[in-house]
Every structure is written in structure tokens, then in C-alpha cells.
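Observations on the model geometry
Single-letter residue listing:
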Amino acid sequence: MSRPAAPLVLHADRLLPADPGVLEIARRLYAAVRELPIISPHGHVDPAVLLHDTPFSDPAALFVTPDHYVTRLLHASGVQLAELGVGQGRLDPSAAREAWRLLCSHWHVFRGTPVRYWLESELAEIFGITVRPSAATADQIYDQIADRLTRAEFRPRALFEQFRIQVLATTDDPTDDLTVHRALADDPTWSGRVVPTFRPDRYLEVGSPTWQEDVARLGSVAGTDTTGFAGWVEAMESRRAHFRAHGAVSSDHSHEDVRTDPLEPADAERIYREAVAGRAAPRDAVALRRHMLLEMARMATEDGLTMTLHPGVRRGHHTPTLRTFGPDTGHDIPLRGDFTDPLRPLLERFGTHPNLKLVLFTLDETVFSRELAPLAGFYPSVYVGAPWWFLDAPEAVRRWRSAVTESAGFTRTSGFIDDTRAFCSIPARHDMARRLDSGYLARLVAERRLDEDEALDAAVDLVTTQPSEVFGL
Amino acid sequence: MSRPAAPLVLHADRLLPADPGVLEIARRLYAAVRELPIISPHGHVDPAVLLHDTPFSDPAALFVTPDHYVTRLLHASGVQLAELGVGQGRLDPSAAREAWRLLCSHWHVFRGTPVRYWLESELAEIFGITVRPSAATADQIYDQIADRLTRAEFRPRALFEQFRIQVLATTDDPTDDLTVHRALADDPTWSGRVVPTFRPDRYLEVGSPTWQEDVARLGSVAGTDTTGFAGWVEAMESRRAHFRAHGAVSSDHSHEDVRTDPLEPADAERIYREAVAGRAAPRDAVALRRHMLLEMARMATEDGLTMTLHPGVRRGHHTPTLRTFGPDTGHDIPLRGDFTDPLRPLLERFGTHPNLKLVLFTLDETVFSRELAPLAGFYPSVYVGAPWWFLDAPEAVRRWRSAVTESAGFTRTSGFIDDTRAFCSIPARHDMARRLDSGYLARLVAERRLDEDEALDAAVDLVTTQPSEVFGL
Amino acid sequence: MSRPAAPLVLHADRLLPADPGVLEIARRLYAAVRELPIISPHGHVDPAVLLHDTPFSDPAALFVTPDHYVTRLLHASGVQLAELGVGQGRLDPSAAREAWRLLCSHWHVFRGTPVRYWLESELAEIFGITVRPSAATADQIYDQIADRLTRAEFRPRALFEQFRIQVLATTDDPTDDLTVHRALADDPTWSGRVVPTFRPDRYLEVGSPTWQEDVARLGSVAGTDTTGFAGWVEAMESRRAHFRAHGAVSSDHSHEDVRTDPLEPADAERIYREAVAGRAAPRDAVALRRHMLLEMARMATEDGLTMTLHPGVRRGHHTPTLRTFGPDTGHDIPLRGDFTDPLRPLLERFGTHPNLKLVLFTLDETVFSRELAPLAGFYPSVYVGAPWWFLDAPEAVRRWRSAVTESAGFTRTSGFIDDTRAFCSIPARHDMARRLDSGYLARLVAERRLDEDEALDAAVDLVTTQPSEVFGL
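What you see is a predicted model, and the numbers here were worked out from it, not measured in a lab.

**Description of the relation of the copies chain C and chain A**
- For the pair chain C and chain A, the relating rotation is 120°, the translation along its axis is 0.0 Å, and the fit reaches an RMSD of 0.0 Å. Between the two chains, the operation in question is that of a three-fold axis.
- Taken together, the interface assignments show that only 7% of the residues at the interface of chain C recur at the interface of chain A, consistent with different surfaces on the two copies.

Here it is, written out as C-alpha cells:
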């Protein structure tokens, strides 16, 4: 006789502090925020999924193949990315099932990770799964999810509503015409708010192999002559205006560093033209990119788009995997990085500008207490971004609040950012943040550092006022 | 009917651990240190305040305007520094009241910060305030404090005594004649111990625009010819002797880094003379500053002044604010920094010298476990300085003890340093440190890592033996 | 009448979490691993001690003189290394007793350190000491230990068995003929497993003063011509094969950084020959060392020796002490260091090679969450090494699990590594790790992040499966 499968049960107090006294306070705080709508001002969901309300195809496509948080640890555990269907487009049913089985049979490698926490939440709360994934239970779970995915209440729009998403931001290329966003906004049967985000990285990466064609395309879409730097600036301004007209509230930027040293106009022009001609020196290309980032901040002071910075990642660390499977396949690895000096030129110019909002994210925890909190504790434009990517995890979030709050308080932080392409993980991620903030605040109350009425107020602010203010929603 | 104002109540167990078992131990440890006198071997109180025993003028001058810990987060929250009276000298009564109102109406932005903790302690314990500051209660609190400030028992000398301050160190320029300290020491009606601290930074910052006139003035005060490096050394030695004769126990140093590479005597002389002539290369100026810091250590081995190093801050990060409001107005931002290699030349020469005491502070937490504790765990001259500035806060202090103790124990740390210019915050700051150390030690006891009698001994040492030994008091 | 000596008592729950609810879970987890055999895949015990089963000479030789963890903090506290017998070979009885007294009279300086924790465990558990060390109890304890050391059950082989050591790795020079290991393996009266570790650092440190004679000796032992780089490679391969034939499972590498940039073959050859001739430029010497480290990884993919990297220490920080007392005398100080870019050339080539196992250690905690966990969470060859040296301590271990687990889980970590030359500390060190992992897992259970059956499984894996898999045992 085989052992009965272990149950999958979500405990009501999960992630709240273990100490009974602190737990009681945390429960009260969490109860006040648990059901509040979700504001998701930065993420990577494809808006077409909501426009067309296409049913999700299968459990692997929903939970495994496109999610590099999931595939990376499976890969580390000896599973080939090819076995998980990475980079292969839509999988046939048997390949999808096989990918799912690989996840379930490696369930133990995710112990103690937020990936496991999110997946368990999604399986239990959205799909009603009651057994722990394993090699033995993989098929049964697969079938249950697959069955639900055929039902109307599991289509994207129904889930969007069930998840109580108040605003969802996507991430979009400046040359995107945003017809999908337009169509969604114009759809009389749809009342959700889905806004685009202006993500111009490729047009600033002057040294990248595709930059020349990228800026040519940008000029063509914007109707400006991007063979000179003035035309590039004009094109950017024009596309930002287009995005704003379609509801965008922010631009997002991810480069190796956040240096923002200005160039003399003549130097910027010279380097730009050399780059268009394919002969900019690498060092000049980097200098121009930094100048361009400063230009983006200048534009932000004029059009009011919140500017989010996500620096410091070595993208595509393993070139053979990049070549075979493409980008975003689990081998982007963080780098050490600073903000104090690199951002100074930008902050000297615009740091006290009433129109600028600048949200600083990092994967290098050392800057939380040393640089980000001190900056956000002085500059009215600067907010400390929520823990991102590898740091969007319970222990890291606690370290972050501990490192940031004492210099920046709660009001200089961004509110939670899910930054996810895994649509079904959105509620679990926001819920995790609410539980953790409730726990942090409860400890302040338990240690008599904050009265409970104020902790309650702060907890609610963090999921309502803060993201609304930071992203001008 | 308006809501009654929320009360302001200090709980006896504030900052102690929440777990009931650990709390009980912590209470016992804290009880043993709570009432012990305060040793404050480094800070920024103006000794003239004690000499003249001038009443504090108003609540804004006492709690808001001069304290960049307070004004910075208000500024980040959209308040102009001008509205807070920064850089304006003494405020008229209505401006002072207005500045106070701005603090009270932004009380919530300080949630979870040590600034709030200190202010609450001061308001409740010194001034008997019983309502939580807010826009509604601002005037009432202002009036209550203002009233008390007119009373004899709230004048500086009375508070000094009430605070149980055993030693208070000020921070002074080498050219200061220390007549204020002399007068205070000679005052038969005064029995407190107030000692100067030798702070020679400006005379080492060879590249600064004022350096030439600074060293000229130094020479004139010391009666030596500072047009050559030997004269500079002689002047420094002479002024240190003057400070020692007036009770000084330490010199304090804050430069961008702690490099101490020696120069050949001829190079030092050459660069020094070029600098006096206003034509030292920037790189040479920095090299000379590092050599000068090494010289200060050499002097310390001879005269026994404890040497405290506070490196790694970008001062005046926002130039427009610096120009309008001056230095120390909230936009000094920490930098990454190392000690292992930079301090090596100094430690190779003097690290085992029986006369040297070197206290290392940092705003870069990464060096606590990586460099400071290992250095203090070998060199008999090196002590790890208490968490400083942005890190003088409950969560940071806990991280610091956790990071430092396992390599350096308790006896290689400096004892608490308040480093404050806010006179009334001194008892609250020392009390905070005592509570946190009691909590840390209580956890060691609760986890059976230390017997309670030893924890008690360590707790008492940290506020008596340690600072006395480290600062030769 | 003198006060009775304080007792020395080890509490059964030491190091487990203080919270009663978490403690109960932790006790159950710890009970499951407490008695499991010890796998020690990296350390510095001398195998001759086991071959000859020589009785330990005295308490100072066992606990004080050779252990830089112990002597360093005594030195920081004003004790001269000479008084502790460092660098003096075998001490005479009175000198040994004096060294022991110095440890006991400074017992308080070790409060809160793991050294104290280990020593207490060893004194109580192995030697039955029941009084706390102090100046007053030093002689009595010395006599009790000295007495036991004369008994058969306190000889090395008996202790090896009592400690339940399943595998013990030593650290050995590539030119070592390993006759001691061979003799031990061939001894019919001995059934323990003691394996050598290939530690070739000196042959890669091209810039060191002894390198020329080192590689000459290497060539002579290996029977190859090491005047050219091909001969160096051949010699290394040959010695690795010799080590494998004697049971080695890993090679260990400690250089200033982990850069692994490849050189063109002609450049490698040129630099190598220049170095043999004593005229390689320092920069070239470093470049060749990095290339050589890459070569070691290539060899590892062929012979399967696990590769452990321990970078980032400034060895012999205090030259006067180094000259008088030799290396490993307590003044090696950690440095900041990165892995993401430095290791990339190696990982690009071999990171997904099925034969490579690469364990990354650090003394710079900042890389745990930023680099090591992300790398180990993608590359199947990479494991995060257990906290090492200054970080092998309760608070640091907790920070490490907190920083690493969320990106790398438990299965991408190395299992505990004691890395010790203090034979009697081996059980205390492994026990400490088991207690801390039990506590970490118990908290996950208490916070409803992991079911207890899985926590139990993970706890057992960490002391069985993980080290066995990572070191191919």
C-alpha cells in the first residue's frame, strides 16, 4: 500500500511572526489590509492576454516554462532547460505534462524559497489543490489544473477581477503603438485599468549590436530624424507623450550602473553621430548612455512620468544558454553597485524638482542602509523601491525593512512592486508583502516602538497611499 | 466633537525583546545599567551653552532647526528647509512655532525611526508631554515646552546634572584657544567634566579651497612656521599638547577614506610646499592627506590621545542646498569603504604600540564582520566604534552586535558614542543603547550561550569599563 | 572564604531558538540529526596524529597555542603571542600551564564568540570539566585535562571513533607523497576514512618569492619538466591523479580573487617562462595565476575532484608578527570580493559540465544574496559553501541561511565544513551547525513556510546527502 500523499494546506498565519504575542498584533494588522485591492505599478504581464481573454493553455505554460524563477533552480538541480520547454514556444500536451512532472518531482529543491511559497499559494487558493506536489501526485494535480483552465472563471479577465487588481502596469517598448492598451481601454465589456510602462533601455544602450537599427526604428515610429542626438531626444519625448496619452505613469530603466554624468552638448552630438555610424568607442558609448539617462530624468521633470531604476545585473551570464534559449532564462546574476556618487549629477539638477519621482531598486543589499535610505531620507524625489527579484522573498524583505526604515521611515518607500510575468502569482506576491509588513509593524508595536493605531495606519498606507502617490495613480 | 488626542506614553519595556522569556532576562540586565552615569566621549554640544547656562530659547531651536536628523526627513517629505528656519540664526517666535508645527504635523513620517524614538523620550521624560504630537496638538505641546524652558530646572547645567552626565566631550578646532573649556573647569560653581576633542580635518584636507588660509592660521596660533611640512607637524603636536592640557582625551578624523600610505619625507615636503603655493596636483594633495593621517597616528602613540576615525561620507551631496543652507543640513550621504588594506600602513607601524588606541567607525555595514571585527580581534590598539549616525538606530545596532561580537567579543568595542549636537537627546540615546545591549545579551542567555551573571557583567562593562578604557578616562 | 567557582554546564537547548513554540519544533529536528556521523570534507588536521595515535601533550597544545581563533583575541587583549607559546614548538610544562592560565584569566573576552562556545563544549563533553575557566580555576582544569590526556580513551584514534567521524579530509601539498595517508589506509588496526585534499596554491602564486623553487620541486616530484607551462600542467595532472589514487575527493584554492580570465596559449607560455626566469611582470604573474585557476577547473571536469574556492583574505596583515611568529597566527584579514564577473570565464566554459563541482566560500557576506545564491541557483556545478572562518559562528550562520536559502534553497549548499586544525573542536563545530540548521528550519515550520516532515528531511539531508553529493563521497 502506498503512503497517502502529503496534504497541501495554507495556514492562515503563514509568514506572520511565530511569537504568540507579536502574532496577535500582526493578525490584526494583516486583517486590515488582506482584502484591499491590488495596485501593481510595475510588471511584465502581456496585455494581449487580457484583451483577448485567451484561456491559459496548460499548467506548464502557466507555472513552469516562462518563469525563470522556477526554471533556474530546476536547471541548477540537473534538469535541462529543453526538458522544461524553455524557448520552444507552445508545448504539445505530453511535453507540457513532462515539464510539470519535473517541477513536481523536484518540489523539495524549492524548500525555503519564495517560489515555492507563491506556487503553493496559487495551487491552493486559485486551483483548489489539496495535495503536495511530488512525482506521485504530479499527474493528478496537472489534470485538476488543466480541467479548471477550461472553465470560464479561470480565464484571464475573470482572474483579474477575482484577484481584485485595481491597476496593472505592463512593460512596453517605446516603439509599441499601444493598440492593445487602446483596444482594452476602449472595450465596453472591460473595466479594469491596465497601463503601459515606457521601457527605453535598448535605445540608451549605445554600445549594443542592435542599437543602430533600434534608433532608426525609433525615428521612424516617432517621425523624427534620429541620425542626430536632438532627433533622438525629440523622438523620446514624442513617444513618452504617446505613452502618457495611453495611461502610462512611469518609465523603467535597467542598465549596468546608474551613473548620470552629463556630457557637453557637442560631445553628446559627436558621440551620437559616431554611434549611428557604427564607430563610437566603447567608453564613449557608455558615457553617452549615462548622459541619456540624465536626459530621461529631465524629461520626467517635464512630463511627470515616475522614473524607476533597476540597475546592476550581468544579463545572460552564461552565453551558451543565452544563445540556445534566449534572454531571461535564469542566468542574469547581480553585481555590486553604488548610488551615492553615480546618481549625484542627476540629483544635483533635479533631486528637489517638484515634478520628479525616482524609485531606486537594487539587488545589492549593501546599499539599502548605506545609500538608498539616506538618499530617500533627504531628496523629496527619491523613494526606496521594494525588494526586487532575488530579494522579493520573506527574509530579504525583512532585512530590507530593517535596513531602510530607520533612515527613511515608511513613507519614503515605494509600496510593493511584483515585477512579475507570472500572472497568477500576483495575488500571492502582494499578499506575501502585506503579511511581511504586518509582521514588521507588529514587532515595532510589541517592542513598544509604535502604537498599534499608527501601525495600522502605516500598514494601510503601504498598500494604498504609497503606491498611488509614488506612481501618480 | 473632535477626537481626543492620542496619548504619548513611554512603556517601561520599550526596545526590549518581545519574547516573554527573553524579556524577563533583558529587564534584569537593563535594571542594572539603567541608572548608571553617562560617559559621552564624542559629541557636538557647544560648551558655551554650559558655561553660560543660557536657557534654551524655544522648542524649535531645541528639537528641530539645528538637528539634521530631524530636518532631513521633513525635507524629503516636501517641507522646505527655510520653513524650518535652517541657516537663519535665531527664529522669531512665530517662525519657531511654525517650524514646530511642521514637525508635529509630519509626526507620522518618523514612524519606525530612531529620531521619533528619541523625540518621544525627550518630550515625555524631560518635558512631561503626555499627548502625541500632531497638527492638532502642536500648539499645546509647544506652549508646555516653552513654559518649562523658562524654569531654572530646565537650564543646561540643571539638565546636565539631571542627565547624570559624568563626562561630556565636545568637538573643537585645533586653533581653538579652549578658553570656554578653561573657564568652565575653573568655575567653582560647576563640577561637571567637559573635555575638548581635537578635530584637525580641515588642516589635512590639502585639496580644499580654504586649506592655505587654514594652515596659515594654524601656524599663527601655534607660533610655528607652517610654510613647510615640519612646521605643520610641529604645530599639530603643539596644539595637541594644548588640548591635552585642557583635558582632551581624543582626536577625531573624518576623511573620505582611511588610507594611510606613507610618503617619502622629501615627497611630503615637496607636495606640502606646492600646496602652500596653491599648485599641488589633486592626486598629490590626497596622497599628502593620507600621509598626514599616518602622522596623526604617530603623534597618538606619543601623547596618548585616542584616535577616532569616521570615514566615508560624501558631504554636501546636494550643492544647491549646501550653498543656501550651509553644511550639516541633511544631505551628507555615505559611501562604500574599506579598512583592511587602507589602514594597513598605519597598523604595520603602530598597530601593536602600547600607547595607541584607534576606534573605527563606519556607515558601511559591510565592514563590520568582514574587516572591523577581524582587525579589532587581533590588534590591541583597535576598537570597533559603536554604530554611528544613520546606524545609531535599534535595528542597525542589533545588526552591528550580531556582526561584530563573534569575532571581537564585547571588550573590543568602544562603548556607546552619541555623537550628537542635540543636548536633550543624550540620555535617550544612551538609554537606547543600554536597552539594546540588554536585549542582545538577554538573547545570548536565553539561547544558553552565556550565563546570566556574565551577561550582567558585560552589560555593566559596556557603560563603564569600556568607554573609560578606550578613551583613557 | 572565597566564592565557589561558577559551574560550567552545557544546556541541552543551547543555540536553539528561545521562543518556546519554535524551540519545541527545533528540538525534534535536532534530535533527528544529533547523533548522525560526521562528514568532514575539508579541514586541517595532521593525519600523522591519527597514524601514530600520539597522545596530545598538554592542554595548551590542544586548546591554545596552535589555534589562531583563540590566540588572536588574547593578543588583542594585550597578551603577547610569545606568552602563548606561538611559534615555539613544543612548550615545556610550565610554559604550557602559563599559556593555559592566560586563556582562563581572559575567559570573559570570549563572551559571545563561537570560540568560547566550542571550548566550553569540548571542556564539558570531552573532558568532563564542570567549572567555568578563570584565573582561579585554571590550574584545576589544567590538571584534570592533563590527567585525561594520559588515558587511552583520549588518544586521537579513540576520540576519532568517539566523535563518530565517518570521513575526515586533510589538506596537503601536491608534492606530498601521501605515505601517511597510505600507511593509515593500510593499517589493519584502523578503519577510519581519512582522505587527502589537493591544495596547490603556492604553485599558482606566480609572483611569490618561493614560486621558482616550488615549481622546480613540483617538477621533480612529478617527474616532469616544469620549465615550461605544458610541463606545469602535466605535473599538476599527474599529482592530482596521485591524490585521487590516495582517496582525495577535492582540490582547495585560496587566492586573493577568483578571476579566471583565460590567456592565449602563447601568452601563458611566455609569462610562465619569464616567471621561471624570475622576470615576470607582477601584473603578468597575476594574469597567469588566474589562467592557472581556470586550468584547475578544466582538470576538475576531467578527474572529478570537487573544487573549493576560499578567496579574499589579506594574509599576514601585520608583517612584524608574520616575521616573528609565522603564518596563520591570527592577522589574516578579509577583503571585499566579487564572484559574478570574476568567475564568469570559468562558468562560461565549465559551469554546466556534468563533472564539475565547485564550492564557493567567502568572508565577504555581501556576496551571499547578491552573487553566490544566484550563481548556485542556476549553475548545476555551483554550491554555496558553508560560512567559513570568521563567519562560522551562530549569528553569521543564521545570516547566511537567511541570505542564501531564498535563491538557492538547501540543496545548493555544501553541508557543513569545519575547516579546523583543532581536532577536538570537530564535534562541537558540527553540532553547532546542526543546532543552527534545526533552528532555522524550525522557524520556517513555525511560520508555516514548510511542513515539519519536510524540515526533518532537509535537516537530515544537510548532514548526509549534501556533503556526500557535493564531495562525491
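So, next bit.
**A short note on the packing of helix H17 (residues 366-376) of chain A against helix H18 (residues 394-408) of chain A**
Residues and elements named next belong to chain A.
- Two numbers describe how H17 lies on H18: the axes approach to 8 Å, and their chain directions differ by 40°. On the basis of their axis angle, the class for H17 and H18 is oblique. By crossing handedness, the relation of H17 to H18 is classed as right-handed. Across the interface between the two elements, Phe368, Ser369, Ala373, Pro374 and Ala376 from H17 touch Trp400, Ala403, Val404, Ser407 and Ala408 from H18.

**Notes on the interface of chain A and chain B**
- In this complex, chain A contributes 46 residues to the contact, which on the side of chain B involves 48 residues.
- Carbon and sulfur atoms supply 48% of the area buried between chain A and chain B, which totals about 4000 Å² over both sides.
- On the chain A side of the interface with chain B, the three residues burying the most area are Arg370(A), Phe378(A) and Glu406(A), jointly 20% of the side's total.
- Across the chain A-chain B interface, the total number found is 12 salt bridges.
- Put simply, chain A and chain B have 31 residue pairs in polar contact (both at pLDDT 80 or more) between them.
- Listed by contribution, the elements that provide at least two residues to the side of chain A that touches chain B are helix H16 (344-350), H17, H18, helix H19 (426-446) and helix H20 (452-463) of chain A.
- The dominant element in the side of chain A that touches chain B, judged by the number of residues it contributes, is H17(A), at 8 residues.

**Some details on the sheet that holds strand S3 (residues 194-195) of chain C**
All names here are of chain C.
- Spatially, the 3 strands line up as an open sheet ordered S1-S2-S3, and their pairing is parallel. Because the sheet does not close on itself, it has two edges, and the strands there are strand S1 (38-40) and S3.
- The sheet contacts of helix H19 (residues 426-446) involve S1 and strand S2 (165-169), and relative to S1 the element is tilted by about 105°.

**Digging into the relation of the copies chain A and chain B**
- Taken as rigid bodies, chain A and chain B are interconverted by a rotation of 120° and an axial shift of 0.0 Å, the fit giving an RMSD of 0.0 Å.
- Comparing interface residues between copies, only 7% of those in chain A also sit at the interface in chain B, which points to a heterologous contact through distinct surfaces.

**Some remarks on the packing of aromatic side chains**
- In this structure the tally under the stated criterion is 45 aromatic pairs over all chains.
- Ring centres 5.7 Å apart and planes at 75° place the aromatic pair Tyr69(B) and Trp118(B) in the edge-to-face group. Separated by 49 residues along the polypeptide, Tyr69(B) in helix H4 (residues 68-76) and Trp118(B) in helix H6 (residues 114-126) bring together distant segments of the chain. Here Tyr69(B) matches Trp118(B) in class, with each residue buried.
- Every member of this aromatic cluster is reached through a ring pair, and the members are Phe63(A), Trp100(A), Phe127(A) and Phe154(A).
- Across the ring face of Tyr69(B), the terminal group of Arg429(B) is positioned such that the distance to the ring centre comes to 4.8 Å.

Definitions and cut-offs
Residues numbered from 1 in each chain as written. Chains lettered and ligands numbered in written order. Predicted model: local features only at pLDDT ≥ 70, side-chain atom pairs only at ≥ 80, totals over all residues. Heavy atoms only, no water. Least-squares fit on C-alpha atoms with pLDDT ≥ 70 in both. Contact = heavy atoms within 4.5 Å. Axes fitted to C-alpha atoms, helices over the stretch in contact; angles between N-to-C directions. Helix = DSSP H or I, 4+ residues; strand = E, 2+ residues; numbered from the N terminus. Parallel < 35°, antiparallel > 145°, perpendicular 65-115°, else oblique. Left-handed = near helix turned anticlockwise from the far one by under 90°. Buried area = accessible area lost by both parts, 1.4 Å probe. Salt bridge = Lys/Arg side-chain N within 4 Å of Asp/Glu carboxyl O. Polar contact = N/O pair within 3.5 Å; in protein donor to acceptor, adjacent residues only side chain to side chain. Pairing = 2+ DSSP bridges. Phe/Tyr/Trp six-rings, centres within 6.5 Å; stacked < 30°, edge-to-face > 60°. Buried < 20%, exposed > 50% of the residue type's maximum accessible area, 1.4 Å probe, protein only. Lys NZ or Arg CZ within 6 Å of the ring centre and 35° of its normal.

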